[in-house]
Amino acid sequence: MSEKIWANSGDSHFIEGTDAWKELPAELAARMPRAVKDDDGQYETVHVDGQSFRRRLPSPAQQEFFKRSSMTKGVGDVDVRLKDLDGEGIWAEVVYPSLGMWNASFRDPVLVREAMRVSNDWTKAEIMDKSPQRLLPTAQVSMLDLGDAIAEVERAAEMGFRSVFLPTTPPPVLEDYNRDSWEPFWTACERMNMVLAFHIGTDPIDMAAGEVVGIAYRGPGGAVLNHTNSGISGLQAAMKMVASGALDRHRDLKVLISEGGATWVPYIGDRMNEAYRQHNFRA
């Protein structure tokens, strides 16, 4: 048998335990993200900060396939996770939150500030401290107040975090990533040596209608179109960081785009070079 070739993973997730929010006051804990399956098992309702939306679940056959082929207790148990990694030849992995990935959809800045602090404390104790060399969780910060975000990213870095999770598009209360208002945050991340970890599929969601979301295309080819479309936001986040000059001003700042592949990088590089040659005077 040939020797195993070890690799590192830039995208994994850990399902938060039921005790993740126990340090929050009860009124705040009740508004933290949670998902509830419908009785028929076809849909689930996601609740975030007093809002909710429904989304379709995989078919029963697909769920059974996932359960048999890929689901493991390692999604919430570090000891099992490390055995899984050994079996698969993964030495270390970036670990994103699961329920915490909805942080761009909060509305209350006090709730999200306190929630991110508690979440980072829980993540450090339950994930990072148990295997600091192999499990590299992303810190979470407020997406409603940049001052709170800067304070928490600095605190998280001092706790040992090495990356910070960001949605591919910030919520409307903040300007987009190519704007100068983000400069203090980029400066803090560069100073604290924190990688910007963007994960696709994390754009803010308008939950006002409470309807099923996540489907942009229907009809023939809809599943392929929706899956392909989900990666575009990661590409756009990278474009904003480059085109705005943020990575030129912050030469030590590093960016990770997770779950969107990398085959688009040559195309974007070529396209942006051409755009700059022809149109930079219009900026």
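Residues numbered from 1 in each chain as written. Predicted model: local features only at pLDDT ≥ 70, side-chain atom pairs only at ≥ 80, totals over all residues. Heavy atoms only, no water.

A. Looking closely at the pairing of strand S7 (residues 163–167). By the criterion of burial, S7 is predominantly enclosed, with 5 of the 5 residues buried. Burial along S7 is two-sided: Ser163, Phe165 and Pro167 facing one way and Val164 and Leu166 facing the other are all buried. Strand direction decides the pairing type here: S7 and strand S8 (residues 195–199), joined by 5 bridges, are parallel. If you follow Pro167 over to S8, its bridge partner there is His199. (Buried < 20%, exposed > 50% of the residue type's maximum accessible area, 1.4 Å probe, protein only. Helix = DSSP H or I, 4+ residues; strand = E, 2+ residues; numbered from the N terminus. Pairing = 2+ DSSP bridges.)

B. Molecular detail of the packing of aromatic side chains. Applying the stated criterion to the full structure yields 10 aromatic pairs. Both rings, one in Tyr177 and one in Trp186, keep their centres 6.0 Å apart while their planes meet at 45°; by these two values the pair is tilted. Both residues of the pair, Tyr177 and Trp186, count as buried. Between Trp182 and Trp186, the aromatic rings sit 5.3 Å apart at their centres with planes inclined by 20°, giving stacked as the arrangement. We classify Trp182 as buried; its relative accessible area is 0%. Residue Trp186 is classed as buried on the basis of its relative accessible area of 1%. These aromatic residues form a ring-pair network of at least three members: Tyr177, Trp182, Phe185, Trp186 and Phe198. One Lys or Arg, Lys4, reaches over the ring of Trp6 and ends 5.3 Å from the middle of that ring. Here the guanidinium or amino end of Arg54 rests over the ring plane of Tyr43, the centre of that ring lying 4.4 Å away. (Phe/Tyr/Trp six-rings, centres within 6.5 Å; stacked < 30°, edge-to-face > 60°. Lys NZ or Arg CZ within 6 Å of the ring centre and 35° of its normal.)

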